[in-house]
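Now for the letters of each chain:
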Amino acid sequence: MQHADVLILGGGLVGATLALALDRHGLSTIVIDPADPSVTLSAGFDGRASAIASASHRMLEAIGVADRLSGQGCAIRQIRVSDGLEPGALDFIPDADDGALGTMYENRALRRALADSMGESGVDFRPLTRAVEVDRSATGVRATLSDGTTVTASLLVAAEGRNSPTRAAAGITTANWRYDHAAIIGAFHHERSHENIAFEIFYPTGPFALLPLVDDADGHRCAIVWSVKQAQGPAMLKLSDRAFLAEAEKRMGGFLGTLYKASPRASYPLGFHHAAAITAERLALVGDAAHGIHPIAGQGLNLGFRDVAALTEVLVEGRRLGLEAGDAQLLDRYRRWRSLDTMMVAGATDVLTRLFGIPGRTASAVRRFGISAVNAIPPLKDRFMAEARGESGALPRLLQGMTI
């Protein structure tokens, strides 16, 4: 029977990153994931892209993953926010010596880099495997796996995503609701350079985000996250590439020129959920198992990475004090560290989603006034940029680019 300090259920972007961060600091991990790597690492599996905040990127550098992403990311050097195509956009432009606000990566590049890193680490990664029975007690964690083996650990971490069965089995409730929106995800090429600008255009029907990707042999590229009414999602997916690009170009006012070569598209329902607790006996929740937010600010994955950085620091420092990974004192510290941050970010994104979704000229005028006010108040604007970088609050050392 194999024992590890931490048993992680879920080997996605957050679960794999946590395993590597712990391994880097000498804590043993077993990662159980039901997915087939030959599918999840294939080119056509997932067309999504993620904005990795600069603080999150420093953590990827500190745990040895960033080098595997070299040349595959596009720096975000400016964020432009506007209410429709009305004049008076809000531009977040860092000082020249402050570096980029973040980096855009296609999710498949992130998955490949994490998989390759795990393959050369001490992480015990077990794909195509499920935990069919898990027992948590004061003395530890014991799990029976679908391959018939049994493993034990000091701590169980649920990194299974929004519908975490471990969270449900622990009796942890969630505050949750659905927005009447679906996100249309994809990418396309365009005539004019995006100039490393991320565009967030708000319409009453939902936000329309254009996120810069690294150019390829066919030209300039952007990822798109287009929020439409839930009922319109299936129809948007049925559009031909030509019709889809025509609709997108109309939403953009043509500022990137002619659009061409659309990628395959997918649709995802949008919702909000927040776990009532992120810890229980010998259990910690990370990533979407703990919280799920609207993609309006591109912070969902970064929130998960902040969970990783905080939990890693708590467990590593606990080990130095002679405490095992599942110690209640350590879990309480993780709970206190992460609960306020996640609630504030989740609440802010929910308010923004509702505020920018109010139709009518009066609401639009109020939004434009707010945009102008932020533009005119440098400290407030700096605060927004710090949030975009993931640099607000008490930063774990990994997010500062330091090992623990």
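Fair warning: this is a prediction, and the values are worked out from it, not measured in the lab. Every residue gets a number counted from 1 within its own chain, in the order that chain's sequence is written. Thresholds applied to this predicted model are a pLDDT of at least 70 for local features of residues and 80 or more for the giving and counting of side-chain atom pairs; totals over whole chains, interfaces and linings are not thresholded and use all residues. Side-chain metrics rest on all non-hydrogen atoms present in the structure, leaving aside hydrogens and water.

S.K.: Would you take a moment to explain the state of the cysteines for this structure?
M.R.: Here, disulfide denotes a covalent bond that connects the sulfur atoms of two cysteines. Whenever a pair of cysteine sulfur atoms sits within 2.5 Å, that pair is classed as a disulfide. Within the structure shown, the criterion is met by zero disulfides. No disulfide involves Cys74; its nearest neighbouring cysteine sulfur is the one of Cys222, lying 8.0 Å away. Note on exposure labels: buried denotes an accessible area under 20% of the residue type's maximum, exposed denotes more than 50%, and partly exposed covers the range between, all computed with a 1.4 Å probe on protein chains only. Judged by its relative accessible area of 5%, Cys74 is buried. On the basis of relative accessible area, Cys222 is assigned to the buried category, the value being 0%.

S.K.: Sorry, what's going on with the nonpolar core here?
M.R.: Nonpolar side chains in soluble globular proteins tend to end up buried together. Leu7, Val157, Leu285 and Leu315 are the most contacted members of the largest nonpolar core, which totals 70 residues. Put simply, DSSP marks the helices as runs of H or I at least four residues long and the strands as runs of E at least two long, and each gets a number from the N terminus on. The element contributing the most residues to this core is helix H8 (residues 300–320), with nine residues. The definition of a nonpolar core used throughout is a set of buried Ala, Val, Leu, Ile, Met, Phe, Trp, Tyr and Cys residues joined through side-chain atoms within 4.5 Å. If you look at the next biggest cluster of nonpolar residues, it comprises 20 residues, including Ile197, Trp226, Val228 and Leu256.

S.K.: Quick question: what am I supposed to make of the pattern of salt bridges here?
M.R.: Two side chains with opposite charge may pair up if their charged atoms get near one another. Should a side-chain nitrogen of Lys or Arg be within 4 Å of a carboxyl oxygen of Asp or Glu, the pair is scored as a salt bridge. Tallied over the full model, the rule gives 17 salt bridges. The shortest N-O distance in the salt bridge between Arg397 and Glu313 comes to 3.5 Å. With Arg397 in the segment after helix H11 (378–389) and Glu313 in helix H8, this residue pair connects regions lying 84 residues apart in the sequence. Taken together, the shared-partner salt bridges connect Glu106, Arg108, Asp216 and Arg221 into one network.

S.K.: Mind showing me how you'd approach the packing of aromatic side chains here?
M.R.: How two aromatic rings sit relative to each other is given by the distance of their centres and the angle of their planes. Centres within 6.5 Å are what make two rings of Phe, Tyr or Trp a pair, Trp counting through its six-membered ring; a difference in plane orientation under 30 degrees is then read as stacked, over 60 as edge-to-face, and the rest as tilted. Inspection of the entire model under this criterion finds three aromatic pairs. Here Phe199 and Phe255 contribute two aromatic rings whose centre-to-centre distance is 4.7 Å and whose plane-to-plane angle is 45°, an arrangement assigned as tilted. Note that Phe199 is positioned in strand E13 (residues 197–203) and Phe255 in the loop between helix H7 (241–252) and strand E16 (259–260), a separation of 56 residues in sequence. Residue Phe255 is classed as partly exposed on the basis of its relative accessible area, which comes to 28%. Between Trp226 and Phe244, the ring centres sit 5.6 Å apart and the planes meet at 45°, which makes this aromatic pair tilted. Highlighted residues: Trp226 in strand E15 (residues 219–229) and Phe244 in helix H7, separated in sequence by 18 residues. By the burial criterion, Trp226 is buried, and Phe244 matches it.

S.K.: Got a minute to help me understand the sheet that holds strand E3 (residues 49–53) in this structure?
M.R.: Paired through backbone hydrogen bonds, the strands of a sheet run either parallel or antiparallel to each other. Note on pairing: DSSP must find at least two bridges between two strands before they are called paired. Strand order in the open sheet formed by three strands is E3-E7-E4, and the pairing between neighbours is antiparallel. The outermost strands of the open sheet, each flanked by one partner alone, are E3 and strand E4 (74–76). On average, each strand axis in the sheet is inclined to that of its neighbour by 30°, with strand direction left out of account. Here E3 pairs with strand E7 (residues 102–106) via five bridges, running antiparallel. Note on geometry: axes are C-alpha line fits, over the in-contact stretch for helices, and angles between N-to-C directions span 0 to 180 degrees.

S.K.: What should I look at first to understand the packing of helix H1 (residues 13–24) against helix H4 (residues 107–119) in this one?
M.R.: Pairs of packed helices are described in terms of their axes, by the angle between the two and the distance that separates them. Where H1 meets H4, the closest approach of the two axes is 10 Å, and the angle between their N-to-C directions is 30°. Of the possible angle classes, the one that applies to H1 and H4 is roughly parallel. Two packed elements cross with a definite hand, and for H1 against H4 that hand is left-handed. Of H4, the residues touching H1 (which contributes Leu13, Ala16, Thr17 and Leu20) are Asn107, Leu110, Arg111, Leu114, Ser117 and Met118. Counted by class, the contact of H1 with H4 contains six nonpolar, three polar and one charged residues. Convention used here: angles under 35 degrees read as roughly parallel, angles over 145 as roughly antiparallel, angles from 65 to 115 as roughly perpendicular, and any remaining angle as oblique. Crossings are sorted by hand: turned counterclockwise from the far helix by less than a right angle, the near helix makes the crossing left-handed, and turned clockwise it makes it right-handed. It only takes one pair of heavy atoms within 4.5 Å for two residues to be counted as in contact. Throughout this entry, Asp, Glu, Lys and Arg are counted as charged residues, while Ala, Val, Leu, Ile, Met, Phe, Trp, Tyr, Cys and Pro are counted as nonpolar. The remaining residues, Gly among them, count as polar.

S.K.: Can you walk me through the pairing of E7 in this structure?
M.R.: Remember that side chains alternate between the two faces of the sheet whenever the strand is regular. Buried residues dominate E7, accounting for five of its five residues. Burial along E7 is two-sided: the face carrying Gly102, Met104 and Glu106 and the face carrying Thr103 and Tyr105 are both buried. In the sheet, E4 pairs with E7 via three bridges, with the strands oriented antiparallel. Paired with Cys74 across the two strands is Met104, which belongs to E7.

S.K.: What am I meant to see in the pairing of strand E14 (residues 206–216) here?
M.R.: Within E14, eight of the eleven residues are buried, which leaves it mostly tucked inside the rest of the structure. Looking at chain direction, E13 and E14 are connected through five bridges and run antiparallel. Following the sheet pairing, Ile201 is matched in E14 by Phe208. Between E13 and E14, which pair antiparallel one after the other, the connecting turn spans two residues. The sheet contact formed by E14 and E15 spans seven bridges and is antiparallel. Bridging across to E15, Leu211 finds its partner in Ala223. Between E14 and the antiparallel strand that follows it, E15, lie two residues.

S.K.: Sorry, what's going on with unusual backbone geometry here?
M.R.: Outside of glycine, negative phi angles account for most residues, and trans bonds account for most peptide bonds. For Asn196, which is not glycine, the phi torsion reads 60° and is therefore positive. The residue Lys261 is not glycine, and still its phi comes out positive at about 50°. Counting through the fold element by element, Lys261 comes out in the loop between E16 and strand E17 (266–275).

S.K.: What is the right way to read H7 from this model?
M.R.: Within an α-helix, residues lying three or four positions from one another point in the same direction, as the helix has 3.6 residues per turn. The end-to-end C-alpha separation of H7 is 16 Å, in line with the 16 Å expected for twelve residues at 1.5 Å each. For H7, every residue scored as buried is listed here: Phe244, Leu245, Ala248 and Met252. For H7, the buried positions fall inside an angular range of 95° around the axis, keeping them on one side. Projecting away from the buried face of H7 at angles above 90 degrees are the exposed residues Arg242 and Lys250. Along its buried surface, H7 packs onto strand E12 (174–190), E14, E15, helix H6 (233–238) and E16. Two residues or fewer after H7 comes Gly253, characterised by a positive phi angle close to 70°. The span one expects for a helix is its residue count, reduced by one, times 1.5 Å. This arc is taken over the directions from the axis of the helix to the C-beta atoms.

Geometry only, nothing functional implied.
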